[in-house]
Amino acid sequence: FVPVRGAADRITYQPRALGVAKLHFVDKPLGVDEWVTLGLAAPVADDGRSVLWEEGEACSLATTSGDAVPNAAFGELPSAAQRAASFAQWGKDFAAYLYQNQKLQLFSCDALGLLSKPGESEGDFRGRIQLAAREQRDAQAAKLREKFAPRVLQLNGQLQRAKEKAERERGQLSQQKFQTAISVGATILGALLGRKAVSAGNIGRATTAARSASRIGRESQDVDRADESAGQIEQRLADLNKECEAAVAALDTTLDAQAVALRAVSLAPRKTDIVVGKVLLLWTPWRTGADGFPVAAS
């Protein structure tokens, strides 16, 4: 008996057939191997010789109870529905109906190699896809950064050496300026204190000061070249990092869980694995409404 919902008065039970079966769905390429338990409640034909399984509705044996409500009326039960042989035939017809009409509807996400579970809605499946896409994105992002890592490491090494060279060149320039200042100072001092403004010593010191001054120019050019080289390497490193991050960002569009295409999969049960567990007589409650027409009371 199907439990009554609401007040248990003016109830009339009408007969139906309840079929319970297990179906085996198999698809080796997709990795599907599922047993599904299915219950259908369907009306009995007027002559009682067959059940209209195509008009059946999902019904679980767990939702039925063992007793009718008190003072209920019962609809007419065809004589054929009172014979055990009829139920055996109904079970065969039920199995044939399930094989021809019952399908396992699934969704396949080919991009990620995922398949929905039996009974899983598209929304729930996309939620699972989103989690898998995030994990795959993180894994691919890690691979991308690993791919770029040797070049980044190489450029960092070159940049470090270029900066060290620039510092050495600046140090040499500072040293040269210091030496030149001393040489020029000595030349000027010698010229002021010496008895002869033009003497061999003064001329020598002036020549040395001139050479030192010319070396300042060369050292200054070396510093400029070293700084320029370091700047070029810094730009190459920045461009490489930008390229890497752009490749990582592109993963967000290719692995969009809401935009990824889903393919509908429809599987038929294996004919040899359809197991009809029970075919029972099911009484469904109806209540007579104020207008005199019956209304489902379940």
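The coordinates are above.
Each chain has its residues counted from 1, running along the sequence as written. Local features in a predicted model are, by the rule used here, given only for residues with pLDDT of at least 70; side-chain atom pairs are given and counted only at 80 or more, and totals for whole chains, interfaces and linings are based on all residues. Side-chain metrics rest on all non-hydrogen atoms present in the structure, leaving aside hydrogens and water.

1. Quick notes on the overall build of the protein chain
Under the scheme used here, helices are H or I runs from DSSP no shorter than 4 residues and strands are E runs no shorter than 2 residues, and both carry numbers assigned from the N terminus. Each helix and strand in the protein chain was counted, giving 3 helices and 9 strands. Among the 298 residues that make up the protein chain, the fraction classed as buried is 32%. What makes two residues a contact is simply this: any of their non-hydrogen atoms within 4.5 Å. Nonlocal contacts in the protein chain, meaning residues at least 24 apart in sequence, comprise 73% of its contacts between residues at least 6 apart. Carbon and sulfur atoms provide 54% of the accessible area of the protein chain, an area that totals close to 18,300 Å². Relative accessibility decides the category of a residue: with a 1.4 Å probe and only protein chains considered, values under 20% of the type maximum give buried, values over 50% give exposed, and everything between is partly exposed. The protein chains shown are the only cover counted for residues, whose accessible areas, like all others here, come from Shrake-Rupley with a 1.4 Å probe.

2. Considerations on the nonpolar core
Residues Leu40, Trp53, Trp90, Leu98, Leu106 and Leu267 are the most contacted members of the largest nonpolar core, which totals 24 residues. The dominant element in this core, judged by the number of residues it contributes, is helix α1 (residues 84-101), at 5 residues. Among all residues touching Trp90, those that are not within four sequence positions of it are Ala17, Val44, Gly48, Arg49, Ser50, Val51, Trp53, Ala81 and Val279. Residues Ala141, Leu144, Leu159 and Leu237 belong to the second largest nonpolar core, which totals 13 residues. The set of buried Ala, Val, Leu, Ile, Met, Phe, Trp, Tyr and Cys residues whose side-chain atoms join them within 4.5 Å is what this entry labels a nonpolar core.

3. So, the pairing of strand β5 (residues 104-109)
Of the pairings in the sheet, the one linking β5 to strand β7 (residues 263-267) comprises 5 bridges and is antiparallel in character. When the bridges of β7 are listed, Phe107 appears paired with Ala264. Here a strand pair is declared whenever DSSP counts at least two bridges between the two strands. Taken together, the 2 bridges between β5 and strand β6 (residues 114-115) define a ladder with antiparallel strand orientation. Directly across from Cys109, in β6, lies its bridge partner Leu114. The antiparallel hairpin formed by β5 and β6 contains 4 residues in its connecting segment, where Gly113 sits at a positive phi of about 65 degrees.

4. Some details on the sheet that holds β6
Strands in a sheet are paired, the pairing made by backbone hydrogen bonds, and the direction either parallel or antiparallel. The antiparallel open sheet is built from 3 strands, whose spatial order is β6-β5-β7. Each edge of the sheet is formed by a strand with only one pairing partner; in this case those strands are β6 and β7.

5. Details of the packing of aromatic side chains
Centres within 6.5 Å are what make two rings of Phe, Tyr or Trp a pair, Trp counting through its six-membered ring; a difference in plane orientation under 30 degrees is then read as stacked, over 60 as edge-to-face, and the rest as tilted. Overall, the coordinates contain 6 aromatic pairs when judged by the stated rule. Relative to Tyr13, the ring of Phe1 lies with its centre 5.1 Å away and its plane at 75 degrees, an arrangement referred to as edge-to-face. Of this pair, Phe1 sits in the segment before β1 (11-27) while Tyr13 sits in strand β1, placing them 12 residues apart in sequence. Judged by relative accessible area, Phe1 falls into the partly exposed class, the value being 23%.

6. What about the pattern of salt bridges?
When a carboxyl oxygen of Asp or Glu is within 4 Å of a side-chain nitrogen of Lys or Arg, the pair counts as a salt bridge. Applying the stated criterion to the full structure yields 8 salt bridges. Salt-bridge contacts for Arg137 lead to Asp138; the nearest nitrogen and oxygen are separated by 3.5 Å. Among the ionic pairs, Glu234 bridges to Lys163, the shortest N-O distance being 3.5 Å. With Glu234 in helix α3 (residues 200-254) and Lys163 in helix α2 (residues 122-193), this residue pair connects regions lying 71 residues apart in the sequence.

7. Quick word on the side chain of Thr284
Residue placement: Thr284 occurs in strand β8 (residues 275-288). At 3.3 Å, the side chain of Thr284 forms a polar contact with the side chain of Trp286. Those residues in contact with Thr284, other than ones at most four positions away along the chain, are Val2, Thr12, Tyr13, Gln14 and Arg16. Pairs of N or O atoms are called polar contacts if they sit within 3.5 Å, as long as, within protein, a hydrogen donor faces a hydrogen acceptor (for residues adjacent in sequence, only side-chain-to-side-chain pairs).

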